[in-house]
Amino acid sequence: MNTGSRALDHPWALPLKRRYPGAALCVVVALAGSFLAEHYGAPALVLVLLLGFGFASQASDERMRPGVDFCARPILRLGVALLGARIGAEQLMAVGSLPLLVVLTCVPLTIGSALLLGHWLNLPRMQSLVAGVAVAICGVSAAVAVAAVIPQGKLEERRLLGVVVGVTGLGTLSMLLLPPLFTGLGFSELHTGLLLGASIHDVAQAAGAGYLVSDNAGDIATLTKLLRVALLAPLILLLGALLNDRSSGPADHPWFLLGFVALFALNSLGWLPEELRQLLVTASGACLLVVMAALGMRTSLGAIIAQGWRPMALLASLSGLLVLSAMATLTLYSS
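Residues numbered from 1 in each chain as written. Predicted model: local features only at pLDDT ≥ 70, side-chain atom pairs only at ≥ 80, totals over all residues. Heavy atoms only, no water.

For the protein chain, the name recorded in an unreviewed UniProt entry is YeiH family protein, with Marinobacter lacisalsi as its organism. According to the UniProt record, the Subcellular location (unreviewed entry) comment for the protein chain reads "Cell membrane". According to its UniProt record, the protein chain has this under Sequence similarities (unreviewed entry): "Belongs to the UPF0324 family." (UniProt positions renumbered as here; feature names shortened; annotations may be inferred.)

Chemist: A description of the overall build of the protein chain should follow, citing residues and the corresponding values.
Modeler: Regarding its fold elements, the protein chain presents 18 helices and 0 strands. Burial status across the protein chain gives 49% buried among its 335 residues. For the protein chain, contacts bridging at least 24 residues in sequence account for 80% of all contacts bridging at least 6. (Helix = DSSP H or I, 4+ residues; strand = E, 2+ residues; numbered from the N terminus. Buried < 20%, exposed > 50% of the residue type's maximum accessible area, 1.4 Å probe, protein only. Contact = heavy atoms within 4.5 Å.)

Chemist: Can you lay out helix α8 (residues 97-120) for me, pointing to particular residues and giving the numbers?
Modeler: Compared with the 34 Å implied by 1.5 Å per residue over 24 residues, the 35 Å span of α8 between its first and last C-alpha is a close match. Among all positions in α8, only Leu98, Pro99, Val102, Val103, Cys106, Val107, Thr110, Ile111, Ser113, Ala114 and Gly118 are buried. (Expected span 1.5 Å × (residues − 1).)

Chemist: Explain the pattern of salt bridges to me, and be specific about the residues and the numbers.
Modeler: Scanning all chains against the criterion turns up 3 salt bridges. Ionic pairing is found between glutamate 62 and arginine 65, a salt bridge with its closest N-O pair at 2.8 Å. By relative accessible area, arginine 65 is classed as partly exposed at 33%. (Salt bridge = Lys/Arg side-chain N within 4 Å of Asp/Glu carboxyl O.)

Chemist: An account of a nonpolar patch on the surface is requested, with residue identities and associated values reported.
Modeler: Residues Leu101, Leu332 and Tyr333 make up a contiguous nonpolar surface patch of roughly 280 Å² in combined accessible area. Mapped onto the secondary structure, tyrosine 333 falls in helix α18 (residues 310-334). (Patch = residues over 30% accessible without salt bridge, like charges linked within 9 Å, V, L, I, M, F, W, Y side chains within 5 Å. Areas by Shrake-Rupley, 256 points an atom, 1.4 Å probe, with all protein chains shown as cover.)

Chemist: Quick rundown of the layout of surface pockets? Include the residues and the values.
Modeler: Approximately 270 Å³ is the volume attributed to the second largest pocket. In this structure, the second largest pocket is lined by 18 residues; those nearest its centre are Ala72, Arg73, Gln152, Glu157 and Arg298. Secondary-structure elements contributing two or more residues to the lining of the second largest pocket are α5 (65-72), α6 (74-82) and α10 (157-184). A per-element tally of the lining of the second largest pocket places α5 first, with 3 residues. A class-by-class count of the residues in the lining of the second largest pocket yields 10 nonpolar, 2 polar and 6 charged. (1 Å grid on protein atoms, 1.4 Å probe; cavity = no way out; pocket = protein on both sides within 12 Å on 5 of 7 lines; lining within 4 Å. Points joined across faces, edges and corners; volume = space filled by probe spheres on them. Nonpolar A, V, L, I, M, F, W, Y, C, P; charged D, E, K, R; others polar.)

Chemist: Describe in detail the environment of cysteine 71, supporting the description with residues and values.
Modeler: Its location among the elements puts cysteine 71 in helix α5. Placed 52 residues apart in sequence, cysteine 71 and arginine 19 show a C-alpha to C-alpha distance of 9.1 Å. Apart from the residues lying within four places of it in its own chain, the contact partners of cysteine 71 are Ala23, Cys26, Leu76, Val290, Val291 and Ala294.

Chemist: Can you lay out helix α11 (residues 189-199) for me, pointing to particular residues and giving the numbers?
Modeler: Among the 11 residues that make up α11, 8 are buried, leaving the element largely enclosed by the rest of the structure. Within α11, the full set of buried residues consists of Thr192, Gly193, Leu194, Leu195, Leu196, Gly197, Ala198 and Ser199.

Chemist: Give a detailed account of the side chain of glutamine 127, specifying residues and quantitative values.
Modeler: Along the chain, glutamine 127 turns up in helix α9 (residues 125-149). Here glutamine 127 falls in the buried class, since its relative accessible area comes to 1%. Among residues more than four places away in sequence, those in contact with glutamine 127 are Leu155, Arg159, Val163, Gln307 and Pro311.

Chemist: Would you mind going over the packing of aromatic side chains in detail, with residue names and values included?
Modeler: One pass over the full model with this rule turns up 1 aromatic pair. Ring geometry for phenylalanine 182 against phenylalanine 187: centres 6.2 Å apart, planes inclined by 90 degrees, an arrangement best described as edge-to-face. (Phe/Tyr/Trp six-rings, centres within 6.5 Å; stacked < 30°, edge-to-face > 60°.)

Chemist: Go over the side chain of arginine 159, please, and point to the residues and values.
Modeler: Note on placement: arginine 159 falls in helix α10. A polar contact of 3.0 Å, which involves the side chain of arginine 159, links it to the side chain of glutamine 127. With residues near it in sequence (within four places) discarded, arginine 159 still touches Pro124, Gln127 and Gln307. (Polar contact = N/O pair within 3.5 Å; in protein donor to acceptor, adjacent residues only side chain to side chain.)

Chemist: Any details on unusual backbone geometry? Residues and values, ideally.
Modeler: Even without a glycine there, the phi angle at asparagine 122 is positive, about 60 degrees. Mapped onto the secondary structure, asparagine 122 falls in the loop between α8 and α9.

Chemist: An account of the packing of α11 against α18 is needed here, citing residue identities and associated values.
Modeler: Remark: α11 packs on α18, axes separated minimally by 9 Å, with the N-to-C direction vectors making an angle of 140 degrees. What the angle tells us is that α11 and α18 run oblique. Of the two possible hands of crossing, α11 and α18 adopt the one that is right-handed. For the pair α11 and α18, contact is made by His191, Leu194, Leu195, Ala198 and Ser199 and by Leu322, Val323, Ala326, Met327, Leu330 and Ser334, respectively. Residue classes in the contact of α11 with α18 are distributed as 8 nonpolar, 3 polar and no charged. (Axes fitted to C-alpha atoms, helices over the stretch in contact; angles between N-to-C directions. Parallel < 35°, antiparallel > 145°, perpendicular 65-115°, else oblique. Left-handed = near helix turned anticlockwise from the far one by under 90°.)

Pasting the structure below:
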């Protein structure tokens, strides 16, 4: 018994002892949110985030804080690194030239517009960047991936959570409204699927909206959406290099990008066994759930509401711009 006690007091074990209570609470909240999502069909990341809000007072306890802080930053970076196993170069080649042209036009236009509109709305530049990437690429996953490469202290967590909540709500609304809009405007099944894949934030939402129209539209929507997701890899590398060139020192360099690139390359070359790839994708999702729990605990709903109408106005404007630009580029390139 004394030997075990002495082992727990060993220097290497002290960080684990300090982090365990808070980290365990984050894991429990993540599991609870996942259980509710499976039974009620709601987005797991949002449910975990909302549950995390309810444990804000516990997370402020001195015993919990080291573990919650650990889940909010290092686990976030680990989850983003593992995202590389979900993205492969074959996604770039599977959808043909027309979706590629539409996506390569709309994504940079949306991100650039986010920076301009955010400046006009007097929002922090990093919040505008995260919002733009979330709308342009793949919602919550893109938001947390960009947040991971932003040097610590440059983006308030309440602002990241405002983007997460807003982009999820707008994605759900888009899934319901856009299919009848595009079909009502006379677009073919092929073009409707392409527009849904180019306009809706989340992969599952884009695929679901497409299959509401037809199986063919669902397939095209899914492939187009995956093309947007594939752009996350080069974008994160670019942002990691640009943002950390301006940081205070080499300690801020996002080491996890090496893991992201390695997994992306292995997946693209087909060198990841399918069982291992699925395991890594599942682990990445689990990490992001734990991160959402930690971020929810560290932020109050009042702090998000206190941001006012401007963040939501930015997200809504960008979502509308993405739809309009997708329609315009599709019409231009297919004529």
